[in-house]
Amino acid sequence: MARRVKTFLSQWSSRIFLLELDGTPPLYFRVQEQHRGEEKAPRVFAQFHKQDRCYSLLVCSPDRIRRAKFYGELKDKLLRELPAGCDLAAISSFLPDVRDSLVRGYFLKSSTEDSPHTERVLRELERRDPVLVCSYSGGEDGQWTQRLWSQAESKTLQMPVEYSVVPTEAPPYHPSTLNIINSDVFYSFDEAYDVLKKCGDIIPEATSVLETLPSREKARRKPDFPIVVIEGLDATGKTTLTESLKDTLGATLLRSPPQSLSPWRARFDQEPPLIRRAFYALGNYITAEQISQEAMKTPIIVDRFWHSTAAYAIATAVSGPVCNLPPAGSEVYRWPGDLLQPSLVVLLTLDPEERERRLRNRGQMKTDEEKELDHNRLFRLRVEEAYRRISGPACVTVDASPSADQVLQQVLLLIRGKCHL
Ligand SMILES: Nc1ncnc2c1ncn2[C@@H]1O[C@H](COP(=O)(O)OP(=O)(O)O)[C@@H](O)[C@H]1O
Ligand SMILES: Nc1ccn([C@H]2C[C@H](O)[C@@H](COP(=O)(O)OP(=O)(O)O)O2)c(=O)n1
């Protein structure tokens, strides 16, 4: 039995499970050994009927690349193979306050008639793939029992197979924050490099990306000219502003990810967060190398840099409202120790209506579906708040709603004040 699965199972009763069903508040529960004659545990799955057949699958491969790839493919696989009426929801399990302890998976509800088909699919998955399956059944008294399917493993570990499902309190922060460091956000070149290197055999493009990386040996002297980064959500006016700054200041305009990574960007955008974010993280180091060279000759303007990489990664890893983000001051918002620090980072902000108007004018309004907009609204709020919480350097917020020239003048004032240009 793989060590990770063994450790995972041996801590079974200490783990907390989070079930995220559509349209209901997050449901936190844990499991406890069943003892005869015990006082009844409070009800947890009140929304399910006793005849519902429920199952959970948690992805628990010891190899994090395999885990990420498999989890990324699992939903499609389940939708393809399970009976059509099966409801799918996100479930995860974690140890409170233990970094990197979160494992993800799916919870599914099947009708009684479909359950033989569902169970066949799940048994086959558990046999072939790195998943741990449990089934859940409700009793006459409204109590739910969780059954571990991996009986061989539980026998080796001398652990019970059946548990009572009991409610537990929500942790102070969303459990996905436990896994952000080095899974969603990378704080050194080596950490991000390591992910792409390990992907080489399954994603040939990863090797091509590694070949474009600059050598890391050269110690560079401090750049002579200021380095100004412009950040903001899509359509806040970064391209417009960075072009004008370039012309006004006679600066060199660079971007992250750099041009040299463009052939592979769409490819990595399809990958799960671990791989996708490592790709963007490395892009910053390539841009940093270009900045170091050019900042000896001219001022530098950079269209997106580390703030974008970290803010989008954190906002995607965490779901729901802004209060689910790691608290301000958390180590997830720190600047990587080995990445060049700009002289000034400007964050362009825009109210949602104006941003949508500009997107529409650019002909890129993706969807006006109510649900999608709401989903986008929370995501947008999380990205902006994560931008504001990143430190070392922190960003200076500029309202991008005035005319392009007014925004330019405002940013020039900031640059002159901060960088003595
Ligand atoms: N200050 C501004 N006022 C009005 N429209 C603007 C302003 N800045 C940019 N735009 C327009 O809004 C759209 C998005 O701007 P763009 O610079 O492409 O944003 P980004 O690079 O952040 O995606 C473009 O059509 C641009 O012409
Ligand atoms: N330095 C960067 C730049 C972009 N990213 C990621 C973050 C988001 O997932 C996307 C945003 O890219 P988008 O296509 O909206 O960017 P543009 O505004 O078109 O430049 O790219 C990053 O991680 N690091």
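These numbers were taken from a predicted model, which means no experiment stands behind them. (Residues numbered from 1 in each chain as written. Chains lettered and ligands numbered in written order. Predicted model: local features only at pLDDT ≥ 70, side-chain atom pairs only at ≥ 80, totals over all residues. Heavy atoms only, no water.)

### Observations concerning the packing of helix 5 (residues 189-199) against helix 6 (residues 204-211)
Part 1 of the argument: Contact geometry of helix 5 with helix 6 gives a least axis separation of 7 Å together with a crossing angle of 135 degrees. Taken as axis vectors, helix 5 and helix 6 run oblique relative to one another. Between helix 5 and helix 6 the crossing geometry is left-handed. Here Tyr193, Leu196, Lys197 and Cys199 of helix 5 lie close against helix 6, whose contacting residues are Ala206, Val209 and Leu210.
Part 2 of the argument: Split into classes, the residues belonging to the contact of helix 5 with helix 6 amount to six nonpolar, no polar and one charged. (Axes fitted to C-alpha atoms, helices over the stretch in contact; angles between N-to-C directions. Helix = DSSP H or I, 4+ residues; strand = E, 2+ residues; numbered from the N terminus. Parallel < 35°, antiparallel > 145°, perpendicular 65-115°, else oblique. Left-handed = near helix turned anticlockwise from the far one by under 90°. Contact = heavy atoms within 4.5 Å. Nonpolar A, V, L, I, M, F, W, Y, C, P; charged D, E, K, R; others polar.)

### Description of the site of ligand 1
Part 1 of the argument: Ligand 1 sits among 14 residues. The nearest are Ala235, Lys238, Thr239, Thr240 and Arg362.
Part 2 of the argument: One of the side-chain N or O atoms of Arg358 is found 3.1 Å from a nitrogen atom in ligand 1.
Part 3 of the argument: Contact with the protein chains covers 75% of the free accessible surface of ligand 1, which is 560 Å².
Part 4 of the argument: With three residues, helix 7 (residues 238-249) is the largest single contributor of residues to the shell around ligand 1.
Part 5 of the argument: When grouped by side-chain class, the residues that make up the shell around ligand 1 number five nonpolar, five polar and four charged. (Near = heavy atom within 4 Å. Polar contact = N/O pair within 3.5 Å; in protein donor to acceptor, adjacent residues only side chain to side chain. Areas by Shrake-Rupley, 256 points an atom, 1.4 Å probe, with all protein chains shown as cover.)

### Let's talk about the nonpolar core
Part 1 of the argument: Of all hydrophobic cores here, the largest spans 61 residues; its most connected members are Val195, Leu196, Phe268, Ile291, Phe305 and Trp306.
Part 2 of the argument: It is helix 9 (residues 273-294) that provides the largest number of residues to this core, a total of 11 residues.
Part 3 of the argument: Every residue in contact with Trp306, bar those within four places of it in the chain, is listed here: Val185, Phe186, Tyr187, Glu231, Asn284, Arg334, Trp335, Pro336, Leu339 and Ile390. (Core = buried A, V, L, I, M, F, W, Y, C linked by side-chain atoms within 4.5 Å. Buried < 20%, exposed > 50% of the residue type's maximum accessible area, 1.4 Å probe, protein only.)

### So, the domain arrangement of the protein
Much of the literature gives interface size as the accessible area that the parts lose upon coming together.
Part 1 of the argument: When its domains are assigned, the protein resolves into domain 1 (3-177) and domain 2 (180-419).
Part 2 of the argument: On the domain 2 side, the residues contacting the 11 residues of domain 1 number 24 residues.
Part 3 of the argument: Here domain 1 packs against domain 2, burying approximately 1,400 Å² in sum over the two surfaces, 56% of which is carbon and sulfur.
Part 4 of the argument: Three residues stand out in domain 1 for area buried against domain 2, namely Arg64, Ile65 and Thr177, and they jointly supply 39% of the buried area on that side.
Part 5 of the argument: Where domain 1 meets domain 2, there are three salt bridges.
Part 6 of the argument: Between Glu331 and Arg99 there is a salt bridge whose closest N-O contact spans 2.6 Å. (Domains from an automatic or database assignment. Buried area = accessible area lost by both parts, 1.4 Å probe. Salt bridge = Lys/Arg side-chain N within 4 Å of Asp/Glu carboxyl O.)

### Describing the site of ligand 2
Part 1 of the argument: Close to ligand 2 lie 14 residues; Ser256, Arg265, Tyr280, Arg304 and Thr309 are nearest.
Part 2 of the argument: A distance of 2.8 Å is found between an oxygen atom of ligand 2 and a side-chain nitrogen or oxygen belonging to Arg304.
Part 3 of the argument: With the chains in place, 79% of the 530 Å² that ligand 2 exposes on its own is no longer accessible.
Part 4 of the argument: Counting only elements with at least two residues in the shell around ligand 2, the list comes to helix 9 and helix 10 (306-317).

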